[in-house]
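# Notes for the structure review
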Amino acid sequence: MSIIDKFGSMVGSEALQDPKKARNLLLAGYHLQEARLLLAPDKELPPSGRYAARVVMKNIIQALAKPENAAMVSIFVPGELLTAAGLTPYSVEALSCFMAGTKCEQSFLRKTEEEGFPETMCSYHRVFLGAALTGLLPKPKCMIYTNLACDGNMMTFPYLRETYGIPGFYIDVPYEKNQEAIQYVAGQLREMKRFLEEMTGKMISEEAVQAAVSNSKKAAANYQQQLALRKTHDPSTTLTNELYAIFMCHLLSGSETAVKYTQMLLDDVKKAPRSEGLHVLWMHIMPFLQEPVKEVFNYSKDIHISACDFVADGFREMHASDPYEAMAEKMVNCIYNGAVDQRIQLAEDLENLTGADGGILFAHWGCKGTIGASSLIKTSLEKAGLPTMILDGDGCNPANTSDGQVSTRLQAFMEMLQKNKEEQRS
Ligand code: SF4
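What you see is a predicted model, and the numbers here were worked out from it, not measured in a lab. (Residues numbered from 1 in each chain as written. Predicted model: local features only at pLDDT ≥ 70, side-chain atom pairs only at ≥ 80, totals over all residues. Heavy atoms only, no water.)

It is the contact of helix α16 (residues 341-354) with helix α17 (residues 368-383), at a shortest axis distance of 10 Å, that shows an interaxial angle of 50 degrees. Classified by the angle between their axes, α16 and α17 sit oblique to one another. The two elements α16 and α17 cross, and the hand of that crossing is right-handed. Within the contact between the two elements, α16 uses Arg-343, Ile-344, Ala-347 and Glu-348 and α17 uses Gly-369, Thr-370, Ala-373, Leu-376, Ile-377, Ser-380 and Leu-381. Of the residues contributing to the contact of α16 with α17, the split by class is six nonpolar, three polar and two charged. (Axes fitted to C-alpha atoms, helices over the stretch in contact; angles between N-to-C directions. Helix = DSSP H or I, 4+ residues; strand = E, 2+ residues; numbered from the N terminus. Parallel < 35°, antiparallel > 145°, perpendicular 65-115°, else oblique. Left-handed = near helix turned anticlockwise from the far one by under 90°. Contact = heavy atoms within 4.5 Å. Nonpolar A, V, L, I, M, F, W, Y, C, P; charged D, E, K, R; others polar.)

This part takes up the packing of aromatic side chains. Counted according to the given criterion, the structure contains eleven aromatic pairs. Seen from their ring centres, Tyr-90 and Phe-128 are 6.3 Å apart, and the 40 degrees between their planes marks the pair as tilted. Of this pair, Tyr-90 sits in strand β2 (residues 88-91) while Phe-128 sits in helix α7 (residues 123-134), and the two are 38 residues apart along the sequence. Like Phe-128, Tyr-90 is buried. An angle of 45 degrees between the planes, with centres 5.2 Å apart, marks the rings of Tyr-145 and Tyr-170 as tilted. Placement of Tyr-145 in strand β3 (residues 142-146) and of Tyr-170 in strand β4 (residues 168-171) is noted, with a sequence separation of 25 residues between them. Tyr-145 gets classed as buried once you look at its relative accessible area, which sits at 5%. For Tyr-170, a relative accessible area of 29% puts it in the partly exposed group. (Phe/Tyr/Trp six-rings, centres within 6.5 Å; stacked < 30°, edge-to-face > 60°. Buried < 20%, exposed > 50% of the residue type's maximum accessible area, 1.4 Å probe, protein only.)

A word on the state of the cysteines. Enumeration according to the criterion identifies zero disulfides in this entry. Among the cysteines around Cys-97, which has no disulfide bond, Cys-396 carries the closest sulfur, lying 5.8 Å off. With no disulfide of its own, Cys-142 lies closest to Cys-150 among cysteine sulfurs, the gap being 19 Å. For Cys-142, a relative accessible area of 0% translates into the label buried. (Disulfide = S-S within 2.5 Å.)

Another aspect to go through is the sheet that holds strand β5 (residues 278-283). On the basis of which strands lie adjacent, the open sheet formed by four strands has the order β6-β5-β7-β8 and parallel pairing. Where the open sheet ends on each side, the last strands, each with one partner, are β6 (303-308) and β8 (388-393). Adjacent strand axes in the sheet meet at a mean angle of 30 degrees when their direction is disregarded. (Pairing = 2+ DSSP bridges.)

Here we take up the environment of Ser-205. Structurally, Ser-205 can be placed in the loop between α9 (179-200) and α10 (206-227). Residues Ser-205 and Gly-79, spaced 126 residues apart in sequence, show a C-alpha to C-alpha distance of 16 Å.

Looking now at the nonpolar core. Counting residues in hydrophobic clusters, the biggest one holds 143 residues, and the most contacted among them are Leu-196, Phe-297 and Met-414. Ranked by residue count, the leading element in this core is helix α3 (residues 47-65), at ten residues. Other than its neighbours up to four places away in sequence, Leu-196 contacts Leu-81, Leu-82, Ala-85, Leu-87, Cys-142, Ile-144 and Ile-204. (Core = buried A, V, L, I, M, F, W, Y, C linked by side-chain atoms within 4.5 Å.)

This part is about the pattern of salt bridges. Per the counting criterion, the structure on display carries ten salt bridges. Sharing partners across several salt bridges, the network here consists of Lys-193, Glu-197 and Glu-206. (Salt bridge = Lys/Arg side-chain N within 4 Å of Asp/Glu carboxyl O.)

Quick look at the structure:
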């Protein structure tokens, strides 16, 4: 048993007896990790990766240590308004990834099962619910959630809102993508600002909202600029590093931090050389704990993740000059909203932009939206010339997937891509 395994099992069992003590233990571990990231950063990652690791760690520490200043959110809630309100947002995915990374997720999965939640529910939600139900997760100032993309949200958030009496705000995003939908969502975001003022007891100036949205526009411009360079530049990365980018473009959107991250990423990409290896377009979330996937991608000089659709969508350009309409535009036009065509279109655009040799769609356990769309995405991309693999797995509970099977399928796919590439060259 590794030290992390022992630590995780201590936190998990303590959470069932004395959740406050378990939280303090977890925080002590996270503070140590924060110091390690500062004093002995991962030298194999470029500066943007090291920066993202520190920022995300700090965000989780703040959320757990100062719940009176934190908001529990679903990942697609506009971070810009939370930035303007000065609250620390934390999402189901972010928190559960940290729990799983600390190896204490099994206690929380069991707790959720005891409460009667189905095993077929997304494991990010089950770990999150378990952590909240044991009391390890402290009661936040408020919660904000949306129906966008994730059916799990509509179970987790209302349940916790009612059980713990957490003040909540819900954003309804229509399925249709049109101007009427944008206006409808923008109206709700104006109400969300008033809700946040009520929660914090502080006024949020329109200038602060505008500044946060302009930060998001700057971050999106930097991100799109680096994407355009990916055909000829391959910075070193890991699955965890790519996952942090998802938190940067959603939870931390609108912050100076997100702008700084994208500027650093752009600089890193400019400096990175081109590799002759394989280039992969990643779709959906990253199974950052699954050993055979880590072995293939982490720090690889031969196989590169050139783009991820989740991140590219999160750093999408916002056009409206009104800040509420700009945020609403990002939500309504999100690839996870509405018909699957837009997900396919974005994947094709990213393939063309980055010159990807193949695509991997991660079908995370319990994610009905992605699993349901996976066959159509694969067929459409292959028709357009991009070999695509559906990788079934569990991003938050690696014990739920067979490493052997994942390894065999992944290796076979990579060999096929390599063969295609050699044939094209000859
Ligand atoms: S993986 Fe799917 S179901 Fe799970 S939190 Fe993400 S969008 Fe929701």
